[in-house]
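# Notes for the structure review
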Amino acid sequence: MEFTEAYKQTGPCCFSPNSRYIAVAVDYRLVIRDTLSFKCQWRVVELERGSDLVVQLFSCLDKIGYIEWANDSEYILCGLNKRPMIQAWSLTQPEWTCKIDEGPAGIAYSRWSPDSRHILTTSDFQLRLTVWSLLNTACVHVQGPKHCSKGVSFTKDGKYAAICTRRDCKDYVNLLSCHTWEIMGAFAVDTLDLADMEWSPDDSAIVIWDAPLEFKVLIYSPDGRCLSKYQAYESGLGVKSVSWSPCGQYLAVGSYDQMLRVLNHLTWKTFAEFMHLSTVRGPCCAAVFKEVDEPLHLNMSELCLSDEFLQGNSVELIVFPFLKDVSEGHFRVMYDVTEVPISLPFQKPPADKPNPKQGIGLMSWSKDSRYIYTRNDSMPTALWIWDIRHLELAAILVQKDPIRAAAWDPTCTRLVLCTGSSHLYMWTPSGAYCVSNPLPQFNITDLKWNSDGSCLLLKDKESFCCASVPLFPESSEYSSDD
């Protein structure tokens, strides 16, 4: 892997959907950088000016709180948390500007529509959701949205939107056409306090789940028919995370009881239940990779000087730079393959505080829907990788520090994670390995893939860099030295 130099950032950073650009918030400035220039750096091509990396520089009216690209990568919006407004910019027409101000109603969150020509804003206190057109001055209002940043989902073809609303102490789902933005229908859902919803990948169903106080997962058809109601248990905190597989055949449900349940799309029944125990015992076919520090040792037993060199040259003491690193106790980070049984670090959440750190708080499917990773929040240093094809645990990655972020390669079965250290950690079905970041004082706290899987965006507290990722080989053995 090759890394760029570090660049300043004070907020969100993200790739454009076409992977061509990176948008970076630096206080009130929005900096658009070209990823092709990064590739020139990786090829050791000298640039005439450092500013060649910057494609556009936009100045907002206040500090940028969040940014979001339009699907066509031509427009980008900036949310200003300290002002009740958002600003949008165009990469192809730098002179074009857009400012949306809701006045006293405020703007709690905003997002793009699938056609990249409309912006949806949610006002403070969920008073209304407004659809603003960039083509004309028309706008459409939806009263009483349930949430600010959640509760809105678009079909994969971009034709329809589902928006959760609440009125008369009842949750509803409104279906809108993304062409005319007219409400095509609405139906009530059997939830106590709707948490979120999402269209299935094939747009044939909508999954809705309730707030943690009650375990309830509902599957609805677009016409409002309830296809299934799933409730694993009645007492205790319920659903914490839900995720469709990319193929649309599986629905993963993570809950506060530290279990992952997988439903099939034919009968909507569970066909797999995976437990996250603090002690993993056999029989178990999973590979357990434990992060360890290996001291650097210098073997000088075979180092000698020839007689000719001693007779014809004066001998001086030479101190190699890397000897200093060894003497100061430097280590190499690597994975050690551990046998079961193994006990994982476990943190018992306090019983007298809300929102306990337990249950499946992080999970995601691989591109081919064969694997899914999970993190039990009461064991934050362990990442579990499950094989759905064989319905078994494939691997456990045990880190020294809590896992901050993890993401699958969008093109192949490769997983990358970070823990707030200076290293990247990768897993493939062939094995796991560690990659050291060469930038000094750069601790990776977050990461994102671009859409073609060739580049990683790595974030530190006040800077970011990019890393080129080699193409995934079909068959290879990895080691910690790669």
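Residues numbered from 1 in each chain as written. Predicted model: local features only at pLDDT ≥ 70, side-chain atom pairs only at ≥ 80, totals over all residues. Heavy atoms only, no water.

Per an unreviewed UniProt entry, the protein carries the name WD repeat-containing protein WRAP73 and comes from Populus tomentosa.

The helix and strand tally for the protein stands at three helices and 41 strands. Relative to its full complement of 482 residues, the protein shows a buried share of 50%. Put simply, of all contacts in the protein between residues at least 6 apart along the chain, 47% involve residues at least 24 apart. (Helix = DSSP H or I, 4+ residues; strand = E, 2+ residues; numbered from the N terminus. Buried < 20%, exposed > 50% of the residue type's maximum accessible area, 1.4 Å probe, protein only. Contact = heavy atoms within 4.5 Å.)

With the rule as written, the count across this model stands at 22 salt bridges. For D72, the salt bridge identified is with R117, shortest N-O distance 2.8 Å. Remark: R117 occurs in the loop between β11 (109-112) and β12 (118-122) and D72 occurs in the loop between β7 (66-69) and β8 (75-80); sequence separation between them is 45 residues. Take D72: its relative accessible area is 32%, and that puts it in the partly exposed class. Residue class for R117 comes out partly exposed when judged on its relative accessible area of 21%. Ionic pairing is found between K216 and E214, a salt bridge with its closest N-O pair at 3.6 Å. For K216, a relative accessible area of 6% translates into the label buried. Each member of the salt-bridge network shares a partner with another, and the members are K146, R166, D171 and D193. (Salt bridge = Lys/Arg side-chain N within 4 Å of Asp/Glu carboxyl O.)

This brings us to unusual backbone geometry. Of the consecutive residues G282 and P283, the connecting peptide bond is found in the cis state with omega at 0°. Relative to the elements of secondary structure, P283 occurs in the loop between β27 (279-280) and β28 (287-295). Cis rather than trans, the peptide bond between V340 and P341 has omega equal to 5°. Here P341 lies in the loop between β29 (331-338) and β30 (342-343). Within the chain, Q441 stands out as a residue other than glycine whose phi angle is a positive 55°.

Time to look at the sheet that holds strand β14 (residues 139-143). Reading across from one edge, β11-β12-β13-β14 is the order of the four strands in this open sheet, with antiparallel pairing throughout. Edge strands, defined here as strands with exactly one partner in the open sheet, are β11 and β14. Across the sheet, the axes of successive neighbouring strands diverge by a mean angle of 20°, strand direction being ignored. Across four bridges, the pairing between β11 and β12 is antiparallel. If you follow R111 over to β12, its bridge partner there is L120. (Pairing = 2+ DSSP bridges. Axes fitted to C-alpha atoms, helices over the stretch in contact; angles between N-to-C directions.)

This part is about the sheet that holds β8. Ordered in space as β7-β8-β9-β10, the four strands form an open sheet in which the pairing is antiparallel. Of all the strands in the sheet, just β7 and β10 (97-101) have a single pairing partner and so form its edges. When the angles between neighbouring strand axes are averaged without regard to direction, this sheet yields 20°. Relative to strand β9 (residues 85-90), β8 is paired through six bridges, and the arrangement is antiparallel. Across the sheet, C78 pairs through a bridge with Q87, a residue of β9.

Moving on to the pairing of strand β31 (residues 360-365). Two elements, β31 and strand β32 (residues 371-376), share five bridges in a ladder whose sense is antiparallel. Counted as the bridge partner of L362 is R375 from β32. Hairpin remark: β31 followed by β32, antiparallel, with five residues in the connecting loop; positive phi at S369, about 65°.

Turning next to the packing of aromatic side chains. Under the definition given, this model contains 19 aromatic pairs. Considering the side-chain rings of F215 and Y230, the 5.8 Å spacing of their centres and the 75° angle between planes classify their relative orientation as edge-to-face. Remark: Y230 occurs in strand β22 (residues 226-230) and F215 occurs in the loop between β20 (206-210) and β21 (217-220); sequence separation between them is 15 residues. Where W408 meets W427, the ring centres are 6.2 Å apart and the plane angle is 80°; that geometry is what we call edge-to-face. Of the two residues, W408 sits in strand β35 (residues 405-408) while W427 sits in strand β37 (residues 423-428), which places them 19 residues apart along the sequence. For W408, a relative accessible area of 8% translates into the label buried. A residue is classified by how much of its surface remains accessible, and W427, at 4% relative accessible area, is buried. The structure contains a cluster of three or more aromatic residues connected by ring pairs, namely Y371, Y373, W408 and W427. Its end group placed over the ring of Y28, R29 keeps NZ or CZ at 5.2 Å from the ring centre. Positioned above the aromatic ring of Y172, the side-chain terminus of R167 is 3.8 Å from the ring centre. (Phe/Tyr/Trp six-rings, centres within 6.5 Å; stacked < 30°, edge-to-face > 60°. Lys NZ or Arg CZ within 6 Å of the ring centre and 35° of its normal.)

Turning next to the environment of I163. Relative to the elements of secondary structure, I163 occurs in strand β16 (residues 160-167). Residues I163 and V173 lie ten residues apart in sequence; the distance between their C-alpha atoms is 5.7 Å. Not counting residues within four places of it along the chain, the set of residues in contact with I163 comprises L129, V142, G151, V152, Y172, V173, N174, L176 and M197.

Here β21 shows no split at all, with V217 and I219 on one side and L218 and Y220 on the other all buried. Two strands pair when backbone bridges link them, and β20 and β21 are joined in this way by four bridges, in the antiparallel orientation. Across the sheet, the residue bridging to W209 is V217, located in β21. Taking the residues between adjacent antiparallel strands as the criterion, β20 and β21 are bridged by six residues. In this sheet, β22 lies alongside β21 in antiparallel orientation, the contact comprising four bridges.

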